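# Structural description and commentary
One-letter residues, chain by chain:
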Amino acid sequence: MAETDTPRIVVGVPKEERAGETRVALSPTALPQLTKAGFDIVIESGAGDAAGYPDSTFTDRGARIGSRDDVFAADIVVQVNVMGADAASADLARLREGLIVVGAVAPFARPELVKAVAGTGAVLYALEMVPRTTRAQSMDILSSQAAVAGYKAVLLAANELPKMFPLLTTAAGTIAPAKVFIVGAGVAGLGAIATARRLGALVEAYDVRPAAREEVQSLGARFVELPLETDQEEGSGGYATQLSDEAIKKQQELMAKTVAASDVIITTAQVQGTTAPQIITTEMIKGMGAGSVIIDLAAEQGGNCEPTVAGETVDIDGVKVIGVVNLPGEIPVHASQLFGKNVANFLCLMVVDGAVDLDVDDDVIQQSVVARGGDVVNNRVREALGLVPLPEPEPPAPAPEPDAESESPEEAAK
């Protein structure tokens, strides 16, 4: 059989530039899938070092090592944090018309970054915009990284808490198990519940979505019932929707007793496209025992706790409120492995007959694009930038009704 003349699609993986980022956008385990699908991979030298993947682990899987300029000369560039999450990144000068950039963008928090990339003519895919559907689960970076964060949050809390997590009965006496309260039972919350239970803690959890009760109980935790009428169902993309100010105030009042009785609280509540809901007030925290610990996983989105400061630990009457930033980056080997698999699955959807098709009829691809043709093409991001919305595409025309007079004798007899 003659070899095909179709050129290989080149994917570039640069070293991450965001301060403190240890992950790499593709781990070596993701490379065989991409190579088989028609991609060649070029890795910037040292891109995987902080994640525990030296250059040799990539070359052993068929990648080549190059400079940063080599990486940005590829057809597609993949990053954990696009442009280092900085709209003033020096890498913007390396972008060009038609280059495809894929990675985490935080498009609602950083719409100016989307605008900056759009101005270069590059095509930008924000992986946070992947729809949270069953079919798209294998490409959902929010879920894969949240699972890592939920696990790590419990370990961090256990390290900071001046108590043990499990029940312990000894000749010297009995030690009661730690009481852990998880706020938000999404992927991160469920991961935290499972980990805290494995460590032997008594775990309670709360979520505004009634459907979360069964998942919480299946992991052996007690679901905290608050007589709060929220009418909450999952919003767009599987997120809870924002509560009214009145509902949040009522939620705080009802939750105060549970907060006061907890040794550890892990908050995970977020709403897509806006700041995180502030659920726990400073006054509520003052009711906790000295030495208690709060891990706020929503710190980068404003925090679920009133005193939270992203990247800092705040002391409130002896209670540590830790505003964690990039917890998945503290477990870079597996966080990179999961992120890379998400990216590989996403890229493979874009390939049709050996070439990248930006117009492929796939909702995962089409819902994830935020910049194309020199413009911001997502209306929610345009709204954040104060731009006029683009016309929504017209729905497909309904199929014509069959003409009864043109039916065949066989069809008419049915």
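Everything below is about the structure printed above this text.
Here is a short report on the structure shown in this document. (Residues numbered from 1 in each chain as written. Predicted model: local features only at pLDDT ≥ 70, side-chain atom pairs only at ≥ 80, totals over all residues. Heavy atoms only, no water.)

## Let's talk about the packing of helix H5 (residues 141-160) against helix H6 (residues 187-198)
Interaxial distance between H5 and H6 falls to 7 Å at its minimum, and their mutual angle equals 35°. Read as a crossing pair, H5 and H6 show a hand that is right-handed. Where H5 approaches H6, its residues Ser 143, Ala 146, Ala 147, Gly 150, Tyr 151, Val 154 and Leu 155 are matched on the opposing element by Val 187, Ala 188, Gly 191, Ala 192, Thr 195 and Ala 196. Broken down by class, the residue content of the contact of H5 with H6 amounts to nine nonpolar, four polar and no charged. (Axes fitted to C-alpha atoms, helices over the stretch in contact; angles between N-to-C directions. Helix = DSSP H or I, 4+ residues; strand = E, 2+ residues; numbered from the N terminus. Left-handed = near helix turned anticlockwise from the far one by under 90°. Contact = heavy atoms within 4.5 Å. Nonpolar A, V, L, I, M, F, W, Y, C, P; charged D, E, K, R; others polar.)

## Brief notes about the side chain of Ser 368
Mapped onto the elements, Ser 368 comes out in helix H11 (residues 363-368). Relative accessible area serves as the criterion here: at 0%, Ser 368 is assigned to the buried category. Among residues more than four places away in sequence, those in contact with Ser 368 are Leu 124, Tyr 125, Ala 126, Met 129, Val 130 and Phe 346. (Buried < 20%, exposed > 50% of the residue type's maximum accessible area, 1.4 Å probe, protein only.)

## Looking at the nonpolar core
Grouped together as the largest cluster of nonpolar side chains are 42 residues, with contacts concentrated most on Leu 26, Ile 41, Val 78, Tyr 125, Phe 346 and Leu 347. Of all the secondary-structure elements, those providing two or more residues to this core are strand S1 (9-13), helix H1 (31-36), strand S2 (39-44), strand S4 (76-81), strand S5 (100-104), strand S6 (123-126), helix H10 (332-349) and H11. Sort the elements by how many residues they give to this core and H10 lands first, with five residues. The contacts of Leu 347, once residues within four sequence positions are left out, are Val 11, Leu 34, Phe 39, Ile 76, Val 78 and Val 102. (Core = buried A, V, L, I, M, F, W, Y, C linked by side-chain atoms within 4.5 Å.)

## Thoughts on helix H8 (residues 245-260)
Across its 16 residues, H8 extends 22 Å between first and last C-alpha, which sits within 8% of the 22 Å expected from 1.5 Å per residue. Regarding H8, the residues found buried are Ala 247, Ile 248, Gln 251, Gln 252, Met 255, Thr 258 and Val 259. Buried residues in H8 make contact with strand S9 (179-183), strand S10 (202-206), strand S12 (264-267) and helix H9 (282-286). (Expected span 1.5 Å × (residues − 1).)

## Observations regarding the sheet that holds S9
Paired through backbone hydrogen bonds, the strands of a sheet run either parallel or antiparallel to each other. With respect to topology, seven strands assemble into an open sheet ordered S11-S10-S9-S12-S13-S15-S14, the strand pairing being mixed. The sheet is open, and its two borders are formed by strand S11 (222-223) and strand S14 (313-316), each paired with just one other strand. Taken together, the four bridges between S9 and S12 define a ladder with parallel strand orientation. Bridge assignment links Ile 182 to a residue of S12, and that residue is Ile 266. (Pairing = 2+ DSSP bridges.)

## Some details on H5
Along its 20 residues, H5 runs 28 Å from first to last C-alpha, staying within 8% of the 28 Å computed at 1.5 Å per residue. Close packing links the buried residues of H5 with S5, H6, S12, strand S13 (293-296) and H10. A side-chain oxygen of the first residue of H5 lies 3.1 Å from the backbone nitrogen of Leu 142; this N-cap is Asp 140. (Polar contact = N/O pair within 3.5 Å; in protein donor to acceptor, adjacent residues only side chain to side chain.)

## Re the packing of H5 against H10
Where H5 meets H10, the axes come as close as 9 Å, and the angle between the chain directions of the two elements is 170°. Judged by the inter-axis angle, H5 sits roughly antiparallel to H10. Taking contact as the criterion, the partners of Ile 141, Ser 144, Gln 145 and Val 148 in H5 are, on H10, Ala 335, Leu 338, Phe 339 and Asn 342. Residue classes in the contact of H5 with H10 are distributed as five nonpolar, three polar and no charged. (Parallel < 35°, antiparallel > 145°, perpendicular 65-115°, else oblique.)

## Here we look at the sheet that holds S1
Strand order in the open sheet made by the eight strands is S3-S2-S1-S4-S5-S6-S18-S19, with mixed pairing throughout. In the strand order of this sheet, the two ends are held by strand S3 (64-66) and strand S19 (375-376), each with one partner. Sheet analysis places S6 next to strand S18 (residues 369-372), joined by two bridges and oriented antiparallel. Note on S18: the bridge partner recorded for Leu 124 is Ala 371. Each of S1, S2, S4, S5 and S6 is contacted by H10, which is oriented at about 145° to S4, the strand it contacts most.

## Some thoughts on the environment of Ala 149
Within the element layout of this structure, Ala 149 appears in helix H5. Residue class for Ala 149 comes out buried when judged on its relative accessible area of 9%. Remark: the alpha-carbon pair of Ala 149 and Val 187, spanning 38 residues in sequence, is separated by 9.3 Å. For Ala 149, the contacting residues outside a window of four places in its chain are Leu 297, Leu 327 and Pro 328.

The values are spatial; any link to function lies outside them.
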